[in-house]
Amino acid sequence: MNFLRRRLSDSSFVANLPNGYMTDLQRPDSSTSSPASPAMERRHPQPLAASFSSPGSSLFSSFSSAMKQTSQAPLGPIESPGPSTPVVQRPRILLVIDDAHTDWAKYFHGKKVNGEIEIRVEQAEFSELNLAAYVTGGCMVDMQVVRNGTKIVRSFKPDFILVRQHAYSMALGEDYRSLVIGLQYGGLPAVNSLYSVYNFCSKPWVFSQLIKIFHSLGPEKFPLVEQTFFPNHKPMLTAPHFPVVVKLGHAHAGMGKIKVENQHDYQDITSMVAMAKTYATTEAFIDSKYDIRIQKIGSNYKAYMRTSISGNWKANTGSAMLEQVAMTERYRLWVDSCSEMFGGLDICAVKAVHSKDGRDYIIEVMDSSMPLIGEHLEEDKQLMADLVVSKMSQLPMPGGTVPSPLRPWTPQTKPAKPPGQAQLGPPLGQPQPRTPTQGGPRQAQSPQPPRSGSPSQQRLSPQGQQPLSPSSGSPQQQRSPGSPQLSRTSGGSSPNQVSKPGTTLTSQPRPPMQSRSTSQQGEESKKPAAPHPHLNKSQSLTNSLSTSDASQRGTPSEDEAKAETIRNLRKSFASLFSD
């Protein structure tokens with residue numbers, strides 16, 4: 001008796017008990033004793049149970065409070081997040097490729113992308129730029145400019161480009177097409193698009209697009225001048241009629257254009273084309289009354305008429321008178337049709353010639369590098385600035401669709417499973433292995449045909465998946481109705497049901513038979529049935545507790561059943577030794 005008290009009051013022994021063992025002893029005993037058991041009627045084990053259950057209850061209370069603090073700790077910063085600090089976005093860098101005669105920074109002063117992001121303007125010519133483009137790193141631009149006698153060297157990554165300068169000109173020996181390729185390689189948006197800028201580096205290539213529009217609309221709606229292309233000087237033998245205008249290569253502002261009056265002059269020009277080693281075009285000379293220019297900047301249209309005063313056949317050379325004329329539907333059709341080439345031109349202009357006989361001839365189309373003319377220069381520059389800001393606002397923000405790594409992440413909580421469905425073993429329909437006995441080594445079981453006895457002779461497997469028939473002649477079948485093993489399995493056939501305290505013990509006529517451990521039951525299954533001597537009570541209880549401790553790795557239903565069995569055993573011993 002003293003040994004049991006010392007053993008059950010040991011703190012290390014209480015710590016090794018199964019989960020919920022000591023707390024189950026504090027429940028009110030709702031079981032009704034059998035009338036045939038006088039010992040259960042006259043004995044009251046409650047004082048003894050309360051005498052040594054206090055260490056377990058204090059341990060359970062401290063453990064539950066620690067679990068509450070742990071479960072509530074991570075929920076604090078998620079439920080009550082602090083006020084988010086405003087993020088200051090970096091300014092968008094706009095690269096304007098133009099000469100220093102126009103200060104584009106003042107036209108973008110005070111303008112913001114989407115009304116909140118500042119715009120930083122970097123202006124330079126093609127000759128002052130260099131770059132390096134990467135697949136994932138974008139485009140890094142190096143700029144070396146001279147401002148007020150001071151050399152400025154700067155490197156930056158532009159976000160947008162406004163092209164206001166020709167990328168290629170044979171007359172000046174300037175070829176910056178490699179820079180256009182690098183900017184396109186870096187995936188930079190621009191006005192006009194870099195794709196169209198590169199295509200405008202060859203005037204015959206652009207004229208071929210005008211030929212397509214001419215065939216689409218017809219000569220009445222789109223009157224295009226007649227022109228002939230020669231890849232080199234060899235096919236240039238003669239012209240169908242004179243005078244003609246010969247244009248060499250790719251040039252601007254009236255450069256590379258020659259008026260030929262007769263066949264002899266034409267032969268001389270052919271030799272010049274051979275020396276230039278380039279292509280050439282010829283078109284009929286039109287005795288013009290004035291030139292017409294229709295420009296489009298975004299959705300703004302303007303038409304100008306330019307008349308030569310100096311008498312030069314080139315209206316853009318010498319003195320000329322410029323005036324704005326009304327925008328007609330005919331002119332609008334011309335510029336709208338040309339603005340659709342090369343994927344779309346946001347800024348473009350169409351040049352035409354009005355002859356003395358009253359006919360119009362379209363001779364050229366220009367892109368965003370066109371020179372601005374007329375009395376509305378400031379208005380046109382402001383229109384270009386507004387167009388660029390509008391295009392920049394339509395672009396997606398960098399990293400706008402990708403979540404920020406600094407943003408607090410809220411874990412998704414999964415719904416908890418009901419206790420009855422937790423860890424029930426493999427799904428139904430799969431073979432369920434039988435749990436080996438605790439007391440000895442596992443033995444192979446020979447298959448036996450199902451017994452046709454009563455349902456009480458068949459017991460379920462630990463998970464309740466398949467009914468398993470015990471082997472014939474086993475001492476487990478010859479137990480008394482009050483044994484713990486039968487009382488656990490006879491409570492119900494469902495694996496989710498746990499035997500209640502009221503259906504565990506009905507009578508205790510032979511306490512030594514109930515104190516047998518699971519290991520001893522395994523040994524009995526290997527030997528023939530024989531009268532079992534009385535065991536030492538303290539050793540039997542210790543073996544039962546150690547067996548339940550070793551089986552903690554089972555399913556929750558097994559743990560509850562074993563804890564219930566040990567609790568009943570402990571109550572039985574408490575009732576025996578209470579005297």
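Because the structure is predicted, anything quoted here is derived from the model rather than measured. (Residues numbered from 1 in each chain as written. Predicted model: local features only at pLDDT ≥ 70, side-chain atom pairs only at ≥ 80, totals over all residues. Heavy atoms only, no water.)

K.L.:
Explain the pairing of strand β3 (residues 117-124) here, please?
P.N.:
Residues in a regular strand point their side chains to alternate faces of the sheet. Across the 8 residues of β3, 6 count as buried, placing the element largely inside the fold. Pairing geometry for strand β1 (residues 92-97) and β3, over 6 bridges, is parallel. Looking at β3, one finds that Arg92 is bridged to Ile119. Taken together, the 2 bridges between strand β2 (residues 112-113) and β3 define a ladder with antiparallel strand orientation. Bridging across to β3, Lys112 finds its partner in Glu118. Counted between consecutive antiparallel strands, the loop separating β2 from β3 contains 3 residues, among which Asn114 sits at a positive phi close to 60 degrees. (Buried < 20%, exposed > 50% of the residue type's maximum accessible area, 1.4 Å probe, protein only. Helix = DSSP H or I, 4+ residues; strand = E, 2+ residues; numbered from the N terminus. Pairing = 2+ DSSP bridges.)

K.L.:
When you look at helix α12 (residues 329-338) in this model, what are you seeing that I'm missing?
P.N.:
Residues separated by three or four positions in an α-helix point in the same direction, a consequence of the helix having 3.6 residues per turn. Those residues of α12 lying buried are Tyr331, Trp334, Val335, Ser337 and Cys338. For α12, the angular spread of the buried residues around the axis is 165 degrees, confining them to a single face. If you follow the buried residues of α12, they end up packed against α10 (203-217), β15 (288-297), β16 (300-308), β18 (347-355) and β19 (360-366). (Arc of directions from axis to C-beta. Contact = heavy atoms within 4.5 Å.)

K.L.:
What is the right way to read the nonpolar core from this model?
P.N.:
General note: in soluble globular proteins, nonpolar side chains tend to be found buried as a group. With 29 residues, the main nonpolar core has Leu210, Phe222, Cys338, Met341 and Val365 as its most contacted residues. Of all the elements in the fold, those that place two or more residues in this core are α10, β15, β16, α12, β18 and β19. Not counting chain neighbours up to four residues away, the residues in contact with Leu210 comprise Phe222, Leu224, Cys338, Met341, Glu364 and Val365. (Core = buried A, V, L, I, M, F, W, Y, C linked by side-chain atoms within 4.5 Å.)

K.L.:
Even after reading the chapter, I still don't get the sheet that holds strand β17 (residues 320-325), so can you show me in this structure?
P.N.:
To summarise the sheet geometry, strands pair through backbone hydrogen bonds and adopt either a parallel or an antiparallel arrangement. The 5 strands are arranged β17-β16-β15-β18-β19 in an open sheet whose pairing can be described as antiparallel. Single-partner strands in this sheet number two, and they are β17 and β19. Geometrically, the sheet is characterised by an average inter-axis angle of 25 degrees between neighbouring strands, direction not taken into account. As defined by bridge partners, β16 adjoins β17 across 6 bridges and the pair is classed as antiparallel. Its bridge partner lying in β17, Met305 is registered against Glu323. Where α12 meets the sheet, its contacts fall on β15, β16, β18 and β19, and the angle it forms with β15 comes to roughly 55 degrees. Against the sheet, helix α13 (residues 377-394) makes contact with β15, β16 and β18, and its axis sits at roughly 145 degrees relative to β16, the strand it touches most. (Axes fitted to C-alpha atoms, helices over the stretch in contact; angles between N-to-C directions.)

K.L.:
Can you help me understand the pairing of strand β4 (residues 129-133) in this one?
P.N.:
The sheet contact formed by β4 and strand β5 (residues 139-147) spans 5 bridges and is antiparallel. Looking across to β5, one finds that Ala132 is bridged to Met140. Connecting β4 to the antiparallel partner β5 that follows it, the hairpin turn spans 5 residues, and Gly138 within it adopts a positive phi of roughly 80 degrees.

K.L.:
Looking at this model, I keep getting lost on unusual backbone geometry. Mind explaining?
P.N.:
Comment: phi is negative for the bulk of residues other than glycine, and the bulk of peptide bonds are trans. A cis amide bond links Val191 to the next residue, Asn192, at an omega of -15 degrees. Cis geometry marks the peptide bond from Phe242 to Pro243; its omega dihedral reads 0 degrees. We note that Asn114 has phi near 60 degrees; this positive angle belongs to a residue other than glycine. Here Asn114 is to be found in the loop between β2 and β3.

K.L.:
It is not clear to me how the environment of Tyr134 should be interpreted in this structure. Could you clarify?
P.N.:
Relative to the helices and strands, Tyr134 is located in the loop between β4 and β5. Linking Tyr134 and Tyr185, residues 51 residues apart in sequence, is a C-alpha distance of 7.5 Å. Non-local contacts of Tyr134, meaning those with residues more than four positions away in its chain, are made with Met140 and Tyr185.

K.L.:
What is the right way to look at the packing of aromatic side chains in this model?
P.N.:
Note on aromatic pairs: each is described by the distance of the centres and the angle between the planes. Under the criterion given, the structure shown has 8 aromatic pairs. Ring geometry for Phe229 versus Tyr279: centroids 5.8 Å apart, planes at 40 degrees, classification tilted. Of this pair, Phe229 sits in strand β11 (residues 227-230) while Tyr279 sits in the loop between α11 (263-276) and β14 (280-284), and the two are 50 residues apart along the sequence. Exposure remark for Phe229: the relative accessible area of 44% places this residue in the partly exposed category. For Tyr279, a relative accessible area of 17% gives the class buried. For the ring pair Phe242 and Tyr266, a centre distance of 6.0 Å and an interplane angle of 75 degrees mean the geometry is edge-to-face. Placement of the pair is Phe242 in the loop between β11 and β12 (244-248) and Tyr266 in helix α11, with a sequence separation of 24 residues. Exposure remark for Tyr266: the relative accessible area of 1% places this residue in the buried category. (Phe/Tyr/Trp six-rings, centres within 6.5 Å; stacked < 30°, edge-to-face > 60°.)

K.L.:
Where do I start with the environment of Arg567 in this structure?
P.N.:
By the element assignment, Arg567 lies in helix α18 (residues 556-576). A relative accessible area of 2% means that Arg567 is categorised as buried.

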